[in-house]
Amino acid sequence: MSVLILRLAGPLQSWGIESRHTIRATLPYPSKSGVIGLLAAACGIPRDCSASQTTGLTLANLALLRLAARADQPGELLVDYHTVSGASHAPTDPVQQRLPKADNGRLQVKESTKITRRHYLSDAVFTAYLEGDAETLATAARALQRPRFPPFLGRRSCPPSKPLLIGLQHQTCLDDALRATPWQASDRTIARHHARGQSSVSLDTVIEDPAGTDVLPDQPLPPTTPFRRRYTERPIRHGHITLPLSTHKAAHDPFDLLG
């Protein structure tokens, strides 16, 4: 099999799978729906999930890929305070500024501002691994270098701070790729481990596995109605791996000052 390896690094990222309404939570690692969405954007797959006019790929092609994720730098949870008002959607229509209710009525204007709390991972770095058809992965790799639509890390407000593509490996598997990819943490984090006299680091992993004992409801399904997303469960297993610390000094990256 072939494995596409991605670096998911940015000041903020958020990987929600079930959160709605006033609290928008995030997983502590990338979701499959989020990573497949990132690839779909790069490949030019439109939101109605029809075939891309630039790559020919569909959402169904990408959903067949198996995903593994490694927490190279877990980051910290950040909770952002938001208010939501109907006025932002219809500034000139007083009726539409009243938020809808379940019984098809509308709230009063004074009740139509809601508080929401949105969760992010701050200063996190993950590596994501997608295993599957070599031609599909090669097409996706080329698209990541020249994305059709802007990719983001779970939410549109979370752009990546480093190139997404690490590489495409053939004749390998998810477990081997997880162990073969060097640690992608920031220079500051790596230097901190060296200063402590550590020669290795233990990293948490989440691997899609038919024999896995846990499940996540983030497996994309083909939509029955355009623009209506559907998901099902996929089996996963949690684990960890130990990597040696590299002695190589990476080039200066100003975003490392954030972490």
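This text gives an overview of the structure that appears in the document. (Residues numbered from 1 in each chain as written. Predicted model: local features only at pLDDT ≥ 70, side-chain atom pairs only at ≥ 80, totals over all residues. Heavy atoms only, no water.)

Before going further, it helps to spend a moment on unusual backbone geometry. If you check the backbone angles, Cys-49 has positive phi at about 70 degrees while not being a glycine. With respect to the helices and strands, the residue Cys-49 is situated in the loop between α1 (32-43) and α2 (59-63). Notably, Gln-171 is not glycine yet its phi reads approximately 55 degrees, a positive angle. (Helix = DSSP H or I, 4+ residues; strand = E, 2+ residues; numbered from the N terminus.)

Residues of helix α5 (residues 187-195) that are buried: Asp-187, Thr-189, Ile-190 and His-193. Angular distribution of buried residues about the axis of α5 spans 165 degrees; they occupy a single face of the element. Against β3 (66-73) and β7 (200-208) lie the buried residues of α5. (Buried < 20%, exposed > 50% of the residue type's maximum accessible area, 1.4 Å probe, protein only. Arc of directions from axis to C-beta. Contact = heavy atoms within 4.5 Å.)

For helix α3 (residues 134-145), with twelve residues, the first-to-last C-alpha span of 17 Å sits near the 16 Å given by 1.5 Å per residue. By the burial criterion, the buried members of α3 are Thr-136, Leu-137, Thr-139, Ala-140, Ala-141, Ala-143 and Leu-144. Buried residues in α3 make contact with β1 (2-13), α1, α2, β5 (113-132) and β6 (165-169). Capping the start of α3, Asp-133 holds a side-chain oxygen 3.3 Å from the backbone nitrogen of Glu-135, two or three residues further along. (Expected span 1.5 Å × (residues − 1). Polar contact = N/O pair within 3.5 Å; in protein donor to acceptor, adjacent residues only side chain to side chain.)

Let's shift gears to the packing of α1 against α3. At their nearest, the axes of α1 and α3 sit 8 Å apart, and the two run at 70 degrees to each other. The orientation of α1 relative to α3 falls into the category roughly perpendicular. Across the interface between the two elements, Leu-38, Leu-39, Ala-42 and Cys-43 of α1 pack against Ala-140, Ala-143 and Leu-144 of α3. Taken together, the residues of the contact of α1 with α3 break down into seven nonpolar, no polar and no charged. (Axes fitted to C-alpha atoms, helices over the stretch in contact; angles between N-to-C directions. Parallel < 35°, antiparallel > 145°, perpendicular 65-115°, else oblique. Nonpolar A, V, L, I, M, F, W, Y, C, P; charged D, E, K, R; others polar.)

What follows deals with the pattern of salt bridges. Oppositely charged side chains are able to pair whenever their charged atoms sit close together. Within the structure shown, the criterion is met by seven salt bridges. Here Arg-66 and Glu-131 are joined by a salt bridge, their closest N and O atoms 2.7 Å apart. Residue Arg-66 is located in strand β3, and its partner Glu-131 is located in strand β5; the two are separated by 65 residues in the primary sequence. The exposure class assigned to Arg-66 is partly exposed, which follows from its relative accessible area of 24%. Here Arg-234 and Glu-208 are joined by a salt bridge, their closest N and O atoms 3.3 Å apart. Here Arg-234 is found in strand β9 (residues 230-244), whereas its partner Glu-208 is found in strand β7, with 26 residues between them in sequence. The pair formed by Arg-234 and Glu-208 is uniform in burial state, with each residue classed as buried. (Salt bridge = Lys/Arg side-chain N within 4 Å of Asp/Glu carboxyl O.)

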